[in-house]
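A closer look at the structure
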Amino acid sequence: MKMHFCIPVSQQRSDALGGRYVLYSVHLDGFLFCRVRYSQLHGWNEQLRRVFGNCLPPFPPKYYLAMTTAMADERRDQLEQYLQNVTMDPNVLRSDVFVEFLKLAQLNTFDIATKKAYLDIFLPNEQSIRIEIITSDTAERVLEVVSHKIGLCRELLGYFGLFLIRFGKEGKLSVVKKLADFELPYVSLGSSEVENCKVGLRKWYMAPSLDSVLMDCRVAVDLLYMQAIQDIEKGWAKPTQAQRQKLEAFQKEDSQTKFLELAREVRHYGYLQLDPCTCDYPESGSGAVLSVGNNEISCCITLPDSQTQDIVFQMSRVKCWQVTFLAFLLSSCLKKMISEKMVKLAAENTEMQIEVPEQSKSKKYHIQQSQQKDYSSFLSRKSKIKIAKGDCVFGNIKEEDL
């Protein structure tokens, strides 16, 4: 499935010889990821083609004459589509050519040298561990370092992920985004411009039944236990009064296994709750809190007259969706649920082989590219993204669905 790459803005600059070039601001999941020139992307594409041949999507052609505003808009759109389409192949995503280019681009954009550094990783109990890293370490590498330090079984890495998490007032927290495997956590954290933001470790699967895969690893159970307690305390998981009393009793006994067995019966256990938003259904100006997990989107809607309604959308009825700059995390969750559904179908149909867990190097299976289906559509909305200082729109950005 496509990564949430977009190029909402571009900037015209002058080089040392007096010539002019366009610098493209590439965003990932709504945040500035890097700024690159066309020539850099062109050279990168040539490197990728030497490895993967003609299976790559077409790259925008060179212009040998001065570009008009319309031509510049067209190239920006084409580059955006190229970045989205090239990430559909998991083999490309894991390749050294792909990762090394984006690492260098991210470092250069934010003027960060490759050096040793320390990074605090927050666990679900809101305590942190400090690890020594290189500023150019990817999220995948940082996760490996964290797992080694806490003793998490390496083969279970694919069931966990690193997230940018914002810690608010009165103990509130919100998940800002899931860090992609090729992202540099040290750089992304420093460049996010989100107040009180930290890198956190959380499980990364949407089906509560997958807990059973992790129960033989003591450290994994500890992490699940800490996250379950946190989700209940934050109101993300909603036990009944009877369930809460039993859970508190198990917690006092430090019976983690029994606690988790009962927690899996709790409403919204293992769901990821998004920040409150407004919606126009069923009435304009309604407030909404979305919880995503277990193959559904659960919406708690507060009407203008303060009445509440609970509405559930089953993933079996969701065929496709459009992504705006306010819904990247939701889209990531939907894609994760679809990938888990495909894994389940593969287990039921031995003739179909796919990768499991997603983006994990511990187990690699392959699926024919013709069998892949892209469910998400990227809806470009320039006005919804925060433009960094120094960026400017090069002409009008055309909005169109992929």
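Look a little higher up for the structure.
Residues numbered from 1 in each chain as written. Predicted model: local features only at pLDDT ≥ 70, side-chain atom pairs only at ≥ 80, totals over all residues. Heavy atoms only, no water.

Re the sheet that holds strand β3 (residues 31-37)
The strands making up a sheet associate through hydrogen bonds between their backbones, and the pairing can be parallel or antiparallel. With antiparallel pairing, the three strands of this open sheet are ordered in space as β1-β2-β3. The open sheet has two free edges, formed respectively by β1 (5-14) and β3, since each of these has just one partner strand. Neighbouring strand axes in the sheet, compared pairwise and without regard to direction, differ in orientation by 25° on average. Note that strand β2 (residues 20-28) and β3 share six bridges and pair antiparallel. Paired with Val26 across the bridge in β3 is Cys34. Each of β2 and β3 is contacted by helix α1 (residues 38-52), which is oriented at about 85° to β3, the strand it contacts most. Here helix α4 (residues 96-109) sits on the sheet in contact with β1 and β3, set at roughly 100° to β3. (Pairing = 2+ DSSP bridges. Helix = DSSP H or I, 4+ residues; strand = E, 2+ residues; numbered from the N terminus. Axes fitted to C-alpha atoms, helices over the stretch in contact; angles between N-to-C directions. Contact = heavy atoms within 4.5 Å.)

As for the pairing of strand β6 (residues 160-167)
β6 sits mainly inside the fold: seven of its eight residues count as buried. Here β6 pairs with strand β8 (residues 197-203) via seven bridges, running antiparallel. Looking across to β8, one finds that Arg166 is bridged to Cys197. As judged from the five bridges shared by β6 and strand β7 (residues 173-178), these two strands associate in the antiparallel manner. Counterpart to Phe167 in the pairing with β7 is Leu173. (Buried < 20%, exposed > 50% of the residue type's maximum accessible area, 1.4 Å probe, protein only.)

A short note on the packing of helix α9 (residues 241-253) against helix α10 (residues 256-263)
Across the interface, α9 lies against α10 with an axial gap of 8 Å and an inter-helix angle of 160°. One finds that α9 runs roughly antiparallel with respect to α10. Every pair of crossing elements has a handedness; the one defined by α9 and α10 is left-handed. Side by side, α9 and α10 meet where Gln243, Lys246, Leu247, Phe250 and Gln251 of the first sit next to Lys258, Phe259, Leu262 and Ala263 of the second. Here the residues of the contact of α9 with α10 are counted per class, giving five nonpolar, two polar and two charged. (Parallel < 35°, antiparallel > 145°, perpendicular 65-115°, else oblique. Left-handed = near helix turned anticlockwise from the far one by under 90°. Nonpolar A, V, L, I, M, F, W, Y, C, P; charged D, E, K, R; others polar.)

Digging into the pattern of salt bridges
Any two side chains of opposite charge can pair, so long as their charged atoms come close to each other. Counted according to the given criterion, the structure contains 16 salt bridges. Across the salt bridge formed by Lys177 and Asp29, the nearest N and O atoms sit 3.8 Å from each other. Here Lys177, found in strand β7, pairs with Asp29, found in the loop between β2 and β3; they are 148 residues apart in sequence, far enough to count as distant. By relative accessible area, Lys177 is classed as buried at 4%. The exposure class assigned to Asp29 is buried, which follows from its relative accessible area of 12%. A salt bridge links Arg76 to Asp77; the nearest nitrogen and oxygen atoms lie 2.3 Å apart. Of the two residues, Arg76 and Asp77, both sit in the buried class. (Salt bridge = Lys/Arg side-chain N within 4 Å of Asp/Glu carboxyl O.)

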